[in-house]
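Here are the chains, one letter per residue:
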There are 2 protein chains.
Amino acid sequence: MSDTLHTLTLLDVLQEHRRSHPNRTALVQEGRRYTYADLEDRVNRLANLWESLGVGPGERVLWLGQNSLAVLEGILACSVLGAMFCPLNWRQSPDEIAFVIDDLQPRVLLWHEGEIGEAVKAARALAQWKQGTWIHFDEAGPDGYEGRLQGADPARRERAIDVHAGCVIIYTAAFGGRPNGAILSQAGVMAQNVNIMLVQALTSGTIFLNSGPHFHIGTLMVTLGVFHAGGANVMIRRTEVAVIAEALHAEKCSLAFLVPKTIDELHAFNADGRYDLAHFRSAALPTEDYSMMGYGQTEVGGLVTWAHYDRKATSIFGRTSPIAVVRVFDEDGNEVPDGEVGELGARGPTVGLGYWNRPEINARRTRFGWWLTNDLGRREPDGSINFVGPKVQMIKSGVENIYPAEVEGCLRSHPAVADAAVIGVPDPRWIQSVKAIIVRKPDAEVTDAELIEHCRARIASYKKPRWVEFASAIPRTPAGPTDYAALDAAYGGGGYPGGKDYKY
Amino acid sequence: MSDTLHTLTLLDVLQEHRRSHPNRTALVQEGRRYTYADLEDRVNRLANLWESLGVGPGERVLWLGQNSLAVLEGILACSVLGAMFCPLNWRQSPDEIAFVIDDLQPRVLLWHEGEIGEAVKAARALAQWKQGTWIHFDEAGPDGYEGRLQGADPARRERAIDVHAGCVIIYTAAFGGRPNGAILSQAGVMAQNVNIMLVQALTSGTIFLNSGPHFHIGTLMVTLGVFHAGGANVMIRRTEVAVIAEALHAEKCSLAFLVPKTIDELHAFNADGRYDLAHFRSAALPTEDYSMMGYGQTEVGGLVTWAHYDRKATSIFGRTSPIAVVRVFDEDGNEVPDGEVGELGARGPTVGLGYWNRPEINARRTRFGWWLTNDLGRREPDGSINFVGPKVQMIKSGVENIYPAEVEGCLRSHPAVADAAVIGVPDPRWIQSVKAIIVRKPDAEVTDAELIEHCRARIASYKKPRWVEFASAIPRTPAGPTDYAALDAAYGGGGYPGGKDYKY
């Protein structure tokens, strides 16, 4: 028997939805509604178009924009072609975007204006990779996204689909100063979809407001799970309270990820009750959710433990999901005894294919036959898995991860800076804020405002230091690396993800 | 990266449960309780024992008994060895059991007394296959099931596990007069487990009373799903109301499949409230459940459509599950238009590997790249899938399928019978009862009681005719086969599964 007898693809799910739910809404964007039949037609056209632009197995398509139907239909079109779709963090600087363009070398680059347009244009000029086709999402007429899609061949072409090939790439994990693109396979996406249906009780009646960013696995895994369940994805570009209230009301949304601050603002905004939010039954919170949702990371396709899989779990990070196994390893690949801290490793169908174009890192991270997460954890006596923190220090600002090496590299590029380190200090609103400790070059003059502006111009604004302190030296551990514990003690650092004073 | 990074096995699930839920009860049988740690120890011993008896990849282990912990631990031990475990319908006759022994050629045959012991001994004498090791479940001492298990090597041996190999065999589909063993792969079992967790809301808190028979996929798929969720399986041998009431009470069971009649009896039996049934929250009914549970068959690993996946479905057989695709085919493998009847075909990870030792049937049933179910169905205008009935007429008695060819073959073997046909007639308690229409040989004498006794001695008692009518000829269609429609019209047949007057 052929393997296709036992293997389903995202296209199979889409075509089945077309039969099972012929008139059900799959997508809503800016008042336009698309049924599952519409969605399959669009995916067929997109796949045929991109194929004509050189997107075949293993090739990449880059999305440089905010939340959009283009992300879901783009992932589906890539799944048909054996290609990979990358929704990039639109809050990044031109330099950061150009790095990804050159790293990913996409055949097709989709972009829209909004808050990213200027950065995209600057990145396009900076990037060495010139062989991709740029398509402007907002452009009306035949050369824009919609025009090209409508002009493409609508035929269903038969293609052999390898579900174990990469399908989605999300850049993350910039511990070394530059991010790495975590690859998820189509089979991994399919498996995680069913897992998310289970943990979030998704059905074909679910109407999900895509208020979190598509470039984060926390939102994207739910977007794809809702698609798989036959529900509706309502796309909004950004988390603004007026847009959220209007979408929750107009589309009768049942599910959205909203941070507590946004919930409060929504409540105040709708004090007169002009929006009907009665269908909105869930506000799974991306920060408080750590205690509801379990442990995961992009590289393993999202969640691998669930807290509410067993509500009696005493650990906030929960128990292994039904489609993962998790072990705590020492440096030699031995499982450490319960109660001892080690590196979390995971196996299972959702675990990704490693990072794009990083064979050495991938070999190191899979050297024991498990995906080593670069996160520390502990198996508690009750069997639950507790996330202790990243192996390398990381700062959390809202939902964003900030890797000190990225910010320090930018600061060190300033001509007046001899040495630099950044730490996270507790922030009542954003979890943590970035503080830079700077050693100036002899006789060099530079102010804190100048250094902050230097970063603002070069890296994503949310990564720039909020405070700068000048020092005569950066403390080092005996082995040489920056002594972050000493810096935290001296400059008020704390509240890191996983730490005991981590507030969310 | 190695495939084991992305592939989980039943043993992975078991070992993860041992870590996540070290003291949780996995199994209860006759007051004895086994944790997940106990279960893994037992599975390791069983696998090592059976391996020493020749059970390697592709070999078979046959269970000739009623519900038992031996079924779950046997499937797990087989999954470790790449072997297949077959829980056989214990209501069958010696001749029927001997047929399966010779068809399956198991290396190990496990049996217990109860209501099957005498038939097993007779079958053992009848069977040609003499190369298996017989192990008596009830025997105390070192040669019995428990003695051998306790005497086996307890080591965890490292073995490469092919999850796509067969793991479970269930005999069914005796349309041709003899049953066929439907093979389910380990990957298929794993996929269906998560599906069942979703449809039945199984968690590690679920305590499932195994009141239905393990040789039916309807119960076994839930047993395995509860295992996968980390819940507890409570084993009882038979559906007797006193046993059920005691188990529901003592084990605080939350889930069981009980037919309406049993629920009524339970209610009467517990009129004085001496049993606390407060934890029992679900009575998914194996007959009425057809409208709750969707369409499936053993050969596709159980359910492939769910009715309550979308409660608005107008068809009683529901919409496709998230891990299956279903099409309605004509005889040439073309999809028929919505609203037209054709043969149901399925694809997806739960679809089995075909029938053991039946290459011609398997080739025919997969000739379009889909598993053809031998069932007729229709896609309704709202997209739901409606089961219309078996392609070949089948009689339903309680939860049992009765294939006319099996009964007719037995009747024709009587020396006084020239020709025979059986039909189902509506039965208010058992859905249908079997009626035989008999043409006697010239001058032969035989009574209805003699023919019923002839069947009772040779085939499972539930298959024997309840009524016999004598006729001068069996009507034939122009092409030659028995004209069942004419027989139904003449002798009161009706109420067949899927038919408009099907009462459950």
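This one's a predicted model, so the numbers in the text were calculated from it and none came from an experiment.

All names here are of chain A. As far as domains go, chain A holds domain 1 (3-182), domain 2 (309-390) and domain 3 (395-491). If you average the C-alpha positions of domain 1 and of domain 3, the two centres end up 35 Å apart. Counting residues at the interface gives 13 residues for domain 1 and 10 residues for domain 3. When domain 1 packs against domain 3, close to 890 Å² is buried across both sides, 48% of that on carbon and sulfur atoms. Three residues stand out in domain 1 for area buried against domain 3, namely Arg-91, Glu-96 and Ala-174, and they jointly supply 47% of the buried area on that side. For the pair domain 1 and domain 3, the interface holds 2 salt bridges. In this structure, the salt-bridge partner of Arg-91 is Glu-400, at a minimum N-O distance of 3.1 Å. If you look at where domain 1 meets domain 3, you find 7 residue pairs in polar contact (both at pLDDT 80 or more). Classifying every residue of the side of domain 1 that touches domain 3 by side-chain character gives 4 nonpolar, 6 polar and 3 charged.

Moving on, we get to helix 15 (residues 484-491) of chain A. All names here are of chain A. Every buried residue of helix 15 is accounted for by Tyr-484, Leu-487, Asp-488 and Tyr-491. The buried residues of helix 15 occupy an angular sector of 100 degrees when projected down its axis, which confines them to one face. Exposed positions of helix 15 whose direction lies more than 90 degrees from the buried face are Ala-485, Ala-489 and Ala-490. Looking at the buried positions of helix 15, the neighbouring elements they touch are helix 13 (404-412), strand 22 (417-427), strand 23 (431-440) and strand 24 (467-470). The opening residue of helix 15, the one whose side-chain oxygen lies 3.3 Å from the backbone nitrogen of Ala-485, is Asp-483.

Looking now at the packing of aromatic side chains. Under the definition given, this model contains 22 aromatic pairs over all chains. Seen in terms of ring centroids, A:Tyr355 and A:Trp371 are 5.7 Å apart; in terms of plane orientation they differ by 70 degrees. Their pairing is edge-to-face. With A:Tyr355 in the loop between strand 17 (341-347) and helix 12 (359-365) and A:Trp371 in strand 18 (residues 371-379), this pair connects stretches of sequence that are 16 residues apart. Taking the relative accessible area as the measure of exposure, A:Tyr355 reaches 2% and is therefore buried. By relative accessible area, A:Trp371 is classed as buried at 1%. In this structure an aromatic cluster arises from ring pairing among A:Trp63, A:Phe137 and A:Tyr145. In this arrangement the basic side chain of B:Arg274 is found over the ring face of B:Phe269, its NZ or CZ atom lying 5.0 Å from the centre. Note that B:Arg440 overlies the ring of B:Phe470, its terminal NZ or CZ placed 3.8 Å from the centroid.

In any sheet, the strands associate via hydrogen bonds between backbone groups, in a parallel or an antiparallel arrangement. Residue and element names in this part refer to chain A. Reading across the sheet, the 5 strands line up as 2-1-10-9-11 and stay open at both edges, with mixed pairing between neighbours. With partners counted over all chains shown, the strands left at the sheet margins are strand 2 (32-35) and strand 11 (255-256), one partner each. Note that strand 1 (residues 25-29) and strand 2 share 4 bridges and pair antiparallel. Paired with Gln-29 across the strands is Arg-32, a residue of strand 2. Set on the sheet, helix 9 (residues 241-251) makes contact with strand 1, strand 2, strand 9 (207-210) and strand 10 (232-235); between it and strand 9 the angle comes to about 165 degrees.

Before going further, it helps to examine the nonpolar core. In terms of nonpolar packing, the biggest core is built from 138 residues, with A:Trp50 and B:Trp50 touching the most fellow members. Excluding its chain neighbours within four sequence positions, the residues that come into contact with B:Trp50 are B:Val55, B:Val61, B:Gly74, B:Ala77, B:Cys78, B:Leu81, B:Phe85, B:Val108 and B:Leu110. Counting residues in each nonpolar core, the second largest holds 31 residues, with A:Val417, A:Ala420, A:Val422 and A:Val434 among its members.

With antiparallel pairing, 4 strands are arranged side by side in an open sheet as 16-17-18-19 (chain B). Of all strands in the sheet, those with a lone pairing partner are strand 16 (325-329) and strand 19 (385-390) of chain B, marking the two edges. Going from strand to strand, the sheet's axes swing by 45 degrees on average, the running direction of each strand aside. With 5 bridges joining them, strand 18 (residues 371-379) of chain B and strand 19 of chain B adopt antiparallel strand pairing. Its bridge partner being in strand 19 of chain B, B:Leu376 is matched across the sheet by B:Gly389. Each of strand 16, strand 17 (341-347) and strand 18 of chain B touches helix 1 (residues 10-20) of chain A; the most contacted strand, strand 16 of chain B, lies at about 60 degrees to it.

Taken together, the contact between chain A and chain B spans 51 residues of the former and 51 residues of the latter. Both faces considered, chain A and chain B share a buried interface measuring about 4,000 Å² in area, 53% of it formed by carbon and sulfur atoms. Where B:Glu16 meets A:Arg379, a salt bridge forms, and the shortest distance between an N and an O atom there is 3.2 Å. Inspection of the chain A/chain B interface yields 28 residue pairs in polar contact (both at pLDDT 80 or more). Broken down by class, the residue content of the side of chain A that touches chain B amounts to 21 nonpolar, 19 polar and 11 charged.

The backbone phi angle of A:Ile431 is positive, close to 75 degrees, even though this residue is not glycine. Residue placement: A:Ile431 occurs in strand 23. With a phi close to 55 degrees, B:Ala173 is a non-glycine residue in the positive phi region. Here B:Ala173 shows up in the loop between strand 7 (166-172) and strand 8 (180-185).

Below, the discussion takes up the relation of the copies chain A and chain B. The two chain copies are connected by a rotation around an axis plus a translation along it. Between chain A and chain B, which share one sequence, the superposing operator has a rotation angle of 180 degrees and an axial displacement of 0.0 Å; the RMSD is 0.1 Å. Taken together, the rotation and translation describe the operation of a two-fold axis. Among all residues of chain A, the one whose C-alpha sits closest to the rotation axis is A:Leu198, at a distance of 2.7 Å. Mapped onto chain B, 100% of the interface residues of chain A are again interface residues, and the two copies thus contact each other with one and the same surface.

Moving on: the pairing of strand 5 (residues 108-111) of chain B. Residue and element names in this part refer to chain B. A two-sided burial pattern is seen for strand 5, the buried positions comprising Val-108 and Leu-110 on one face and Leu-109 and Trp-111 on the other. Here strand 3 (residues 60-64) runs beside strand 5; their pairing, made up of 4 bridges, is parallel. Bridging from a neighbouring strand, Leu-62 pairs with Leu-109 of strand 5. Both strand 5 and strand 6 (residues 133-136) contribute to a ladder of 4 bridges, which runs parallel. Counterpart to Trp-111 in the pairing with strand 6 is His-136.

Thresholds applied
- Residues numbered from 1 in each chain as written.
- Chains lettered and ligands numbered in written order.
- Predicted model: local features only at pLDDT ≥ 70, side-chain atom pairs only at ≥ 80, totals over all residues.
- Heavy atoms only, no water.
- Domains from an automatic or database assignment.
- Contact = heavy atoms within 4.5 Å.
- Buried area = accessible area lost by both parts, 1.4 Å probe.
- Salt bridge = Lys/Arg side-chain N within 4 Å of Asp/Glu carboxyl O.
- Polar contact = N/O pair within 3.5 Å; in protein donor to acceptor, adjacent residues only side chain to side chain.
- Nonpolar A, V, L, I, M, F, W, Y, C, P; charged D, E, K, R; others polar.
- Buried < 20%, exposed > 50% of the residue type's maximum accessible area, 1.4 Å probe, protein only.
- Helix = DSSP H or I, 4+ residues; strand = E, 2+ residues; numbered from the N terminus.
- Arc of directions from axis to C-beta.
- Phe/Tyr/Trp six-rings, centres within 6.5 Å; stacked < 30°, edge-to-face > 60°.
- Lys NZ or Arg CZ within 6 Å of the ring centre and 35° of its normal.
- Pairing = 2+ DSSP bridges.
- Axes fitted to C-alpha atoms, helices over the stretch in contact; angles between N-to-C directions.
- Core = buried A, V, L, I, M, F, W, Y, C linked by side-chain atoms within 4.5 Å.
- Least-squares fit on C-alpha atoms with pLDDT ≥ 70 in both.

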